[in-house]
Amino acid sequence: MITRKKLTAIVPVQNEEHNIREVLESISFADEIMVVDSFSTDNTLQIAREYTDFIVQREYGYSASQKNWAIPQANNEWIFLVDADERVSEELKNEILATLEKDEDPNVAYWIGRNNHFMGKRIRYSGWQNDKVIRLFRKSKCIYEDKMVHAEIKADGQVGFLNSPLYHNTYVNLDRHILKLNRYASWQAEECEKKTGKLTPYHFVIKPFWRFFKHYFLQSGFRDGLPGFVIAYLRSYSIFIRYVKIWLLRRNLN
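Keep in mind that this is a model prediction, so the values were computed, not measured.

With that settled, the discussion passes to the nonpolar core. In terms of nonpolar packing, the biggest core is built from 29 residues, with L7, L24, I27, F80, L92, I96 and L136 touching the most fellow members. Counting only elements with at least two residues in this core, the list comes to β1 (7-13), α1 (20-26), β2 (32-37), α2 (44-48), β4 (78-81), α4 (90-100), β6 (107-118) and β8 (132-138). With 22 residues, the next largest nonpolar core counts V36, A74, A109 and I153 among its residues.

Before going further, it helps to examine the pattern of salt bridges. On inspection of all chains with the given rule, the structure shows 11 salt bridges. As a salt-bridge pair, D31 and R4 come within 3.0 Å of each other at their nearest N and O atoms. Here R4 lies in the segment before β1 and D31 lies in the loop between α1 and β2, a separation of 27 residues in the sequence. In the salt-bridge network here, residues are joined through shared partners; they are K67, D83, E86, R114, D131 and R135.

The volume enclosed by the second largest pocket comes to roughly 170 Å³. Lining of the second largest pocket is provided by K147, V149, H150, Q188, E191, C192 and K195. For the lining of the second largest pocket, the class distribution of residues is two nonpolar, two polar and three charged.

Of note in the backbone geometry, N15 takes a positive phi value of approximately 50° without being a glycine. On the secondary structure map, N15 appears in the loop between β1 and α1. Positive phi, normally seen in glycine, also occurs at S126, with a value near 60°.

Those residues of helix α6 (residues 201-218) that fall on the buried side of the exposure criterion are H203, P208, F212, H215 and Y216. Where the residues of α6 are buried, they touch α7 (225-250).

A word on the packing of aromatic side chains. Any two aromatic rings considered together are summarised by their centre-to-centre distance and by the angle between their planes. Scanning all chains against the criterion turns up 16 aromatic pairs. Ring geometry for F118 against Y171: centres 5.0 Å apart, planes inclined by 75°, an arrangement best described as edge-to-face. Of this pair, F118 sits in strand β6 while Y171 is found in the loop between β12 (166-169) and α5 (174-192), placing the two residues 53 residues apart along the sequence. Each ring, one from Y216 and one from F222, has its centre 6.2 Å from the other, and the planes form 70°; the classification is edge-to-face. By way of ring pairs, the aromatic residues F209, W210, F212, F213, Y216, F217, F222 and F229 are connected into one cluster.

Calculation notes
In this numbering scheme, every chain counts its residues from 1 along its sequence in written order. Selection of residues for local features in this predicted model requires a pLDDT of at least 70, selection of side-chain atom pairs for listing and counting requires 80 or more, and totals for whole chains, interfaces and linings are taken over all residues. Excluded from the side-chain calculation are hydrogens and water; included are all heavy atoms of the structure. Throughout, nonpolar core names a set of buried Ala, Val, Leu, Ile, Met, Phe, Trp, Tyr and Cys residues whose side chains join them through atoms within 4.5 Å. Burial classification: accessible surface area is computed with a 1.4 Å probe over protein chains only, and a residue below 20% of its type maximum counts as buried, one above 50% as exposed, and the rest as partly exposed. Here a helix means four or more residues in a row that DSSP labels H or I, a strand means two or more in a row labelled E, and each is numbered from the N terminus. We define a salt bridge as a side-chain nitrogen of Lys or Arg found within 4 Å of a carboxyl oxygen belonging to Asp or Glu. Buriedness for pockets is judged along seven lines, at least five of which must meet protein on both sides within 12 Å for an open set on the 1 Å grid over protein atoms alone, while cavities are sets there where a 1.4 Å probe fits but cannot get out, and lining residues have an atom within 4 Å of a point. Grid points are joined across faces, edges and corners, and a volume is the space filled by probe spheres set on the points. Throughout this entry, Asp, Glu, Lys and Arg are counted as charged residues, while Ala, Val, Leu, Ile, Met, Phe, Trp, Tyr, Cys and Pro are counted as nonpolar. The remaining residues, Gly among them, count as polar. The contact criterion used throughout is that any non-hydrogen atoms of two residues lie within 4.5 Å. Paired rings are identified among Phe, Tyr and Trp, the last through its six-membered ring, by centres lying within 6.5 Å, and are further divided according to the angle between planes into stacked (under 30 degrees), edge-to-face (over 60) and tilted (the rest).

Here it is as structure tokens:
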């Protein structure tokens, strides 16, 4: 008889009524679903309660802090963490379940690739083609880096790789995407201010230009059409605005 290790799926949310039902449907195979809500003001909680009673609330500081607070509250050792804008395919579901059936697993965590979508288009280039995240892991062996932006799991042990990707649609509309970039730029400015020397045209011109060149030309963003151009432009903008925010921080003008 095959015994499978039990799994807790964790979904951090805030005002995700447009996403929450689909993501919860896609992780309904988990033994336990925990929704970590940052005091949503829309219908997120009402929809979530159709799928789970395990709902915890905490003010949102930044992603890694929120996740590290939530993970120890799970009742199972194995955690599957999914963002509201991600979906789990049948293939990925079956691969996760098969992984949890292994008698002896040397891995304490697993990388999972992501199929990214932006402005209604699957992005195959633009630097996103090799996107991967650690989302299946043992809670006693893993913790998120204490970084405000783009924190990844630090694993105390071997990390494997699942073959089936997550579906990821980071785009709701352009205004919300730019607001997100501005928020990330503010956090990065706080983290980088002390490590950044004197601000020069290198920071305001060369680094943003290089980021555009890298995404659009070196990483073949031009092959993704207009969405590829927008991605390259917005990544360039995010570098520029980060250093503007550092400049403002140093003058107490933020």
